Amino acid sequence: ELAQKAESLGFDSFHIGEHHGCDYITSAPPVILGAVAMKTERIGLSTATALLPVHDPVLFAENYATVDVLSNGRAEAIVSRGIIARSYGDLGFDYADSRSLFKENIELVLRLWREENVDWKGKHRKALEGFTAQPRPVQQPNPPLWVGGGFSEESILLAAEMGLPLMLPSVIQPPT
């Protein structure tokens, strides 16, 4: 209902955050965004942010490509390491690995959206041989992918290194 109202008022995008094990109720943004896609026609559908380090990048790529297909090319993802370190342990990950997980998962998601028959070998997940993620996203070469930052200079540098747009949530920490 909020997304429909936002669309009727002329807003350009609707964002859903991802949180686990706390009072927020949005633990599954692609599910919510898929439902919103069915009830809207124009508004962009995005995360605010998705915790990419705690997701399997294959499932992440497929889930958000599915939102892109359901919305006829209106999906994007803002990804970050998150602001609640406890979530990593709760989901079976070590927060100390968050930076390397984040970079590796971004690289693999982009390849899975852009390429077919992907061969991949990384540090954190099992290798892929000739894997093609399905469905293929509507937007080519891929849905927009932003790096969300706010607490660490490393995220800003990662966005610059990878040539990705940067989202700085001033609600958490004002820009300096």
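Reference entry: report on the structure contained in this document.

A separate point is unusual backbone geometry. Leaving glycine out, the prevailing phi sign among residues is negative, and the prevailing peptide bond configuration is trans. Ala48 connects to Thr49 through a cis peptide bond whose omega is 0°. The omega torsion of the bond from Gln134 to Pro135 falls at 0°, within 30 degrees of zero and hence cis. Along the chain, Pro135 turns up in the loop between strand 5 (128-131) and strand 6 (145-148). Here the phi dihedral of Asn72 falls at roughly 55°; this positive angle occurs in a residue that is not glycine. Here Asn117, not a glycine, exhibits a phi torsion of approximately 55°, which is positive. Here Asn117 shows up in the loop between helix 5 (98-114) and strand 4 (118-120).

What the rule picks out here adds up to one aromatic pair. For the ring pair Phe60 and Tyr64, a centre distance of 4.5 Å and an interplane angle of 40° mean the geometry is tilted. One end of the pair is Phe60 and the other is Tyr64, both in helix 3 (residues 57-70) and four residues apart, which spans about a single turn. On the accessibility criterion, Phe60 (2% relative accessible area) is buried.

Taken as a whole and judged by the stated rule, the model has six salt bridges. For Arg125, the salt bridge identified is with Asp56, shortest N-O distance 2.9 Å. Taken as a pair, Arg125 in the loop between strand 4 and strand 5 and Asp56 in the loop between strand 2 (44-47) and helix 3 lie far apart in primary sequence, 69 residues in all. For Asp56, a relative accessible area of 27% puts it in the partly exposed group. Residue Lys103 is joined to Glu161 by a salt bridge in which the shortest nitrogen-to-oxygen separation is 2.7 Å. Of this pair, Lys103 sits in helix 5 while Glu161 is found in helix 6 (residues 153-162), placing the two residues 58 residues apart along the sequence.

Basis of the calculations
Numbering of residues starts from 1 in every chain and runs along the sequence as written. The model is predicted, so local features are restricted to residues of pLDDT at least 70 and side-chain atom pairs to those at 80 or more, both for listing and for counting; the totals for chains, interfaces and linings are taken over all residues. Values shown for side chains rest on all heavy atoms present in the structure; no hydrogens or waters enter the calculation. Numbering of helices and strands runs from the N terminus; a helix is a DSSP stretch of H or I covering at least four residues, while a strand is a stretch of E covering at least two. Ring pairs are drawn from Phe, Tyr and Trp, using the six-membered ring of Trp, whenever the two centres fall within 6.5 Å, and their geometry is named by plane angle: stacked under 30 degrees, edge-to-face over 60, tilted for the rest. Note on exposure labels: buried denotes an accessible area under 20% of the residue type's maximum, exposed denotes more than 50%, and partly exposed covers the range between, all computed with a 1.4 Å probe on protein chains only. Salt-bridge detection follows one rule: a side-chain nitrogen of Lys or Arg within 4 Å of a carboxyl oxygen of Asp or Glu.

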